[in-house]
Amino acid sequence: MKYVSTRDVEKKSLYSSAEVIKMGLAPDGGLFIPTEIPQIDESFIRTLCQCPYYERAAKILSLYLTDYDYEKLLSDCKEAYSDASFDGGVAPVVKLLENVYFLELWHGPTAAFKDMALQIMPRLLSTALKMTGETRTALILVATSGDTGKAALEGYKDIDGIKIMVFYPNDGVSKVQKLQMATQTGENVNVCAIYGNFDDAQNGVKAIFSDTAMSELLDANGYFLSSANSINWGRLVPQIAYYISAYCDMLNSDQIEYGEKIDVSVPTGNFGNIFAAYLAKRMGLPIGRLICASNSNNVLTDFLATGTYDKNREFKLTSSPSMDILISSNLERLLAFTAGPEKTQKYMSELSKNGKYTVDPETKAKIDQDFIGYYATDLNSSFAIEDNFDGYGYLLDTHTGVATWCAMRYCSEHPQHEKILIVSTAHPLKFAKEVYLCLTGTRLESDLEAMKMLNTALWINIPTPASLADLDKREIRFKKSIEPKDMKQEVLSYLHIDQ
Ligand SMILES: *Cc1c(COP(=O)(O)O)cnc(C)c1O
């Protein structure tokens, strides 16, 4: 299997999966996609039904990462998706009521779905370095608004041949997220706050990536830069696995018959998670409609309704911060599959010039076959949380609240819908302040306080995840805050490089 850039019209440059995982972004600024989509059939799915999660993941990864040794993938998946890392199952399907199911993707070490990819991706990169004969150390540079930074730190800590440095906005992350990062363990990690917002962190990281003098200096000292962002194929492909796994679990528990379609609702930000569901469908998994659930930053809802993507609008801070995003990078991959590379290139240049583009009617019709968009305001999400808790005793986090509200809208507008699988992306106690507010009407100071309150409230029967429970008792290792302009210097001093 070979990979190509979404913008490579003549498909001239082909890459192996190891190269793609190492590089992250294609040299022409596009994203890597496979040149073909591997197909799965009933016998493949029935075989997976008999396997534990890690083996399902390894078998699915091997369909895309054809240059990787299967036994190595299997042993890496076994380590990544171990019981020690995933408490209460890796990606369990929970039945709420007849026809409504949740796919819980937050049982990993950082209590959000990013772990599903970031537990395995560092191992895939480490193998890629060996396969490509790389002798330099990879430096993973991350700018985070909260969840990705911690999940990347947990995934990359103490992995051979790799170091990781995370920048986060001093006032832009929750107290839980800040403590999660400041108390990070591992010998190859560094964390630093910056005085600024997420965009300042992101711009600083981008500037380092495009600084040729910097790459030469790093190269001379035995380093090169790599990325853990969801534009990297290494983060997308592990996400396909849990959709197929969910279908197996539903078959195993006789919730569906083989061939029966399921509709899937995904809380969406960067369009990575839902794009993995789309690939699972294109591979042959019986999926009906893909419900793209957004919060008030509803640029994707408008795009799916009208065919025009327009990021020229007010950026809103919502109670589902991991979905506060106006440029959904992975949409470019969907455009490449539906409109082809030539138009993708044109749309992307219009996006960077004018902040908007409109797809042609054929492309729109193709996208409509698979996707439908809805959005939920904070109030809508809060209603879904309350409704689920009062009605069924099942607690949702704010992101999952968005997906649930959108799924409810879809069902009421489409009475002929299939069984619905709602993707649950964060532990209900991770964004505890908002959840506490929904349930009690009282606004507390911090997530940490709310988590404790929720945990001691007799009416909540959910233990705080071990990774969050003792956060305020752990040693703070990283206290530094710097100006955005000093980010480059911080990277160099972390690596002990003199300019
Ligand atoms: C990152 C994140 C999302 C959005 O996922 P995308 O792949 O960016 O669409 C949704 N919910 C939570 C909790 C997240 O951390």
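Details of the structure are given in the entry above.
Residues take numbers from 1 onward in each chain, read along the sequence in its written order. Only residues with pLDDT of at least 70 are given local features in this predicted model, and only at 80 or more are side-chain atom pairs given and counted; all residues enter the totals for whole chains, interfaces and linings. Only hydrogens and water are set aside; all other atoms, that is, all heavy atoms of the structure, feed into the side-chain values.

A.B. asks: How should the overall build of the protein chain be read in this particular structure?
C.D. replies: Each helix corresponds to a stretch of at least 4 residues labelled H or I by DSSP, and each strand to a stretch of at least 2 residues labelled E; elements are numbered beginning at the N terminus. For the protein chain, the helix and strand inventory stands at 22 helices and 15 strands. Our radius of gyration looks at C-alpha atoms and nothing else; its globule reference is 2.2 Å times the residue count to the power 0.38. The C-alpha radius of gyration computed for the protein chain amounts to 22 Å, which stays within 12% of the reference 23 Å derived for 499 residues, consistent with globular compactness. We call two residues contacting when some pair of their heavy atoms lies within 4.5 Å. Across the protein chain, contacts joining residues at least 24 apart in sequence account for 73% of those joining residues at least 6 apart. What sets the accessible areas is the Shrake-Rupley method with a 1.4 Å probe; for residues, cover comes only from the shown protein chains. Looking at the protein chain as shown, the accessible area adds up to about 19700 Å², and 48% of this sits on carbon and sulfur atoms. Across the protein chain, the 49 positively charged side chains and the 64 negatively charged ones have centroids separated by 2 Å. In this charge count, Lys and Arg are treated as positive and Asp and Glu as negative; neither His nor the chain ends contribute. Charge coordinates come from a single atom per side chain, which is NZ of Lys, CZ of Arg, CG of Asp or CD of Glu.

A.B. asks: I would appreciate a short explanation of the layout of surface pockets in the present structure.
C.D. replies: To find leftover empty space, a probe the size of one water molecule is rolled over the atoms. Definitions used for this entry: grid spacing 1 Å over protein atoms alone; cavity, a set of points where a 1.4 Å probe fits but cannot get out; pocket, an open set with protein on both sides within 12 Å along at least 5 of 7 lines; lining residue, one with an atom within 4 Å of a point. Grid points are joined across faces, edges and corners, and a volume is the space filled by probe spheres set on the points. In this model, the second largest pocket occupies a volume close to 420 Å³. What lines the second largest pocket is a set of 23 residues, and nearest its centre among them are G108, P109, P465, A466 and S467.

A.B. asks: Can you help me understand the site of the ligand in this one?
C.D. replies: Here, proximity means that at least one heavy atom of the residue falls within 4 Å of the molecule or strand. Neighbouring the ligand are 15 residues; K114, G269, N270, N273 and T425 lie closest to it. Throughout this description, a polar contact denotes any pair of N or O atoms lying within 3.5 Å of each other; where both atoms belong to protein, one of them has to be capable of donating a hydrogen while the other can accept it, and for residues adjacent in sequence the pair is counted only when both atoms sit in side chains. G269 places a main-chain nitrogen or oxygen 2.7 Å from an oxygen atom of the ligand. Bound to the protein, the ligand loses 96% of the 390 Å² it would expose on its own. Ten residue types, Ala, Val, Leu, Ile, Met, Phe, Trp, Tyr, Cys and Pro, are classed as nonpolar, four, Asp, Glu, Lys and Arg, as charged, and the remainder, Gly among them, as polar. Its residues assigned to classes, the shell around the ligand comprises five nonpolar, eight polar and two charged.

A.B. asks: What am I meant to see in empty space enclosed by the protein here?
C.D. replies: In the structure shown here, the tally under the stated rule is one cavity of 30 Å³ or more. Approximately 40 Å³ is the volume found for the largest cavity. T268, G269, S294, N295, N297, V299, L300, M323, I325 and S328 are the residues that line the largest cavity. For the lining of the largest cavity, the residue count by class is four nonpolar, six polar and no charged.

A.B. asks: Please explain the pattern of salt bridges as it appears in this structure.
C.D. replies: Two side chains of opposite charge can pair, provided their charged atoms sit close to one another. What counts as a salt bridge is simple: a side-chain nitrogen of Lys or Arg found within 4 Å of a carboxyl oxygen of Asp or Glu. Considering all chains together, one arrives at 27 salt bridges under this definition. With a shortest N-O distance of 3.5 Å, K150 and E154 are connected by a salt bridge. Linking K150 with E154, this pair stays in helix 7 (residues 147–156), spanning four residues, or about one helical turn. When sorted by exposure, K150 lands in the same class as E154, which is buried. The buried label goes to any residue with under 20% of its type's maximum accessible area, the exposed label to any with over 50%, and the partly exposed label to all in between, with areas taken from a 1.4 Å probe on protein chains only. A relative accessible area of 17% means that E154 is categorised as buried. Look at the salt bridges and you will find they share partners, linking K22, E134, R136 and D219 into a network.

A.B. asks: Would you explain the nonpolar core in this entry?
C.D. replies: Across soluble globular proteins, nonpolar side chains have a tendency to be buried as a group. Core analysis: the biggest nonpolar cluster contains 115 residues, and Y64, L65, Y81, Y156, I240, Y243 and Y357 have the highest contact counts within it. Counting residues per element, this core draws most heavily on helix 11 (residues 233–252), at 13 residues. The residues touching Y357, leaving out its near neighbours within four places in the chain, are F303, G307, T308, Y309, L331, L335, Y347, M348, E350 and L351. Among buried residues, the Ala, Val, Leu, Ile, Met, Phe, Trp, Tyr and Cys ones that are joined through side-chain atoms within 4.5 Å form a nonpolar core. Ranked by size, the runner-up nonpolar core spans 42 residues in total, among them F102, A384, I422 and Y436.

A.B. asks: Before we go on, may I ask you to explain the packing of aromatic side chains in this structure?
C.D. replies: The geometry of an aromatic ring pair is captured by the separation of the ring centres together with the interplanar angle, meaning the angle of the planes. Between the rings of Phe, Tyr and Trp (Trp by its six-membered ring), a pair exists once the centres lie within 6.5 Å; its type follows the angle of the planes, with under 30 degrees stacked, over 60 edge-to-face, and the other angles tilted. In total, this model carries 18 aromatic pairs according to the counting rule given. Taking 5.9 Å as the distance between ring centres and 65° as the angle between the ring planes, the aromatic pair formed by F303 and Y309 counts as edge-to-face. Of the two residues examined, F303 and Y309, each falls in the buried class. In textbook terms, an aromatic cluster arises when at least three aromatic residues are bridged by ring pairs, as seen for F271, F275, Y278, F337 and F371. Throughout this description, the term charge over a ring refers to an Arg CZ or Lys NZ atom that lies within 6 Å of the ring centre and within 35 degrees of the ring normal. Above the face of the F224 ring, K22 is positioned so that its terminal group lies 5.7 Å from the ring centre. Against the face of Y494 rests K163, its NZ or CZ located 5.7 Å from the ring centre.

A.B. asks: Sorry, what's going on with helix 9 (residues 198–209) here?
C.D. replies: Residue pairs three or four apart in sequence face the same way in an α-helix, which turns once every 3.6 residues. Each residue after the first adds 1.5 Å to the expected span of a helix. Here helix 9 spans 17 Å end to end across 12 residues, near enough to the 16 Å set by a 1.5 Å rise per residue. Within the span of helix 9, buried status applies to A201, G204, V205 and I208. On an axial view of helix 9, the arc spanned by its buried residues comes to 95°, and they lie on one face. Along its buried surface, helix 9 packs onto strand 5 (137–143), strand 6 (162–169), strand 7 (189–194), helix 10 (212–220), strand 8 (223–226) and helix 22 (487–494). To be clear, the arc concerns the directions from the helix axis to the C-beta atoms.

A.B. asks: In this structure, what is going on with the pairing of strand 9 (residues 262–267)? I would like to understand it.
C.D. replies: On a regular strand, each side chain points to the face opposite its neighbour's, so the side chains alternate between the two faces of the sheet. The buried count for strand 9 comes to six of six residues, which makes it a mostly enclosed element. Of the two faces of strand 9, both are covered, the one formed by I262, V264 and V266 as well as the one formed by D263, S265 and P267. One bridge is not enough; two strands pair if DSSP finds at least two bridges between them. Relative to strand 10 (residues 287–294), strand 9 is paired through five bridges, and the arrangement is parallel. Each bridged residue has a counterpart across the sheet, and for S265 the counterpart in strand 10 is I291. The parallel pair strand 9 and strand 10 is bridged by helix 12 (residues 272–283), and the resulting crossover is right-handed. Looking at chain direction, strand 9 and strand 14 (residues 419–424) are connected through four bridges and run parallel. The residue bridging S265 from the neighbouring strand is I422, located in strand 14. Think of it like this: strands point away, you trace from the first strand over the helix to the second, and a clockwise trace means the crossover is right-handed.

A.B. asks: Just to check I follow, could you spell out the environment of A384 for this structure?
C.D. replies: In this structure, A384 sits in helix 17 (residues 378–392). The sequence separation of A384 and T398 amounts to 14 residues, and the corresponding C-alpha distance is 9.0 Å.

A.B. asks: Would you take a moment to explain the sheet that holds strand 3 (residues 93–97) for this structure?
C.D. replies: Strand pairing in a sheet is mediated by backbone hydrogen bonds. Such pairs are either parallel or antiparallel. Pairing is mixed in the open sheet, where six strands are placed in the order 3-4-14-9-10-13. Each edge of the open sheet is held by one strand with a lone partner, namely strand 3 and strand 13 (371–375). Adjacent strand axes in the sheet meet at a mean angle of 25°, parallel and antiparallel pairs treated alike. In terms of strand pairing, strand 3 meets strand 4 (residues 100–104) through four bridges, oriented antiparallel. Directly across from V93, in strand 4, lies its bridge partner L103. Against the sheet, helix 11 makes contact with strand 3, strand 4, strand 9 and strand 14, and its axis sits at roughly 135° relative to strand 9, the strand it touches most. Packing of helix 18 (residues 398–413) onto the sheet brings it into contact with strand 4, strand 9, strand 10, strand 13 and strand 14, and relative to strand 14 it is tilted by some 165°. To define axes, lines are fitted to C-alpha atoms, for helices over the stretch in contact only, and angles between the resulting N-to-C directions are given on a 0 to 180 degree scale.

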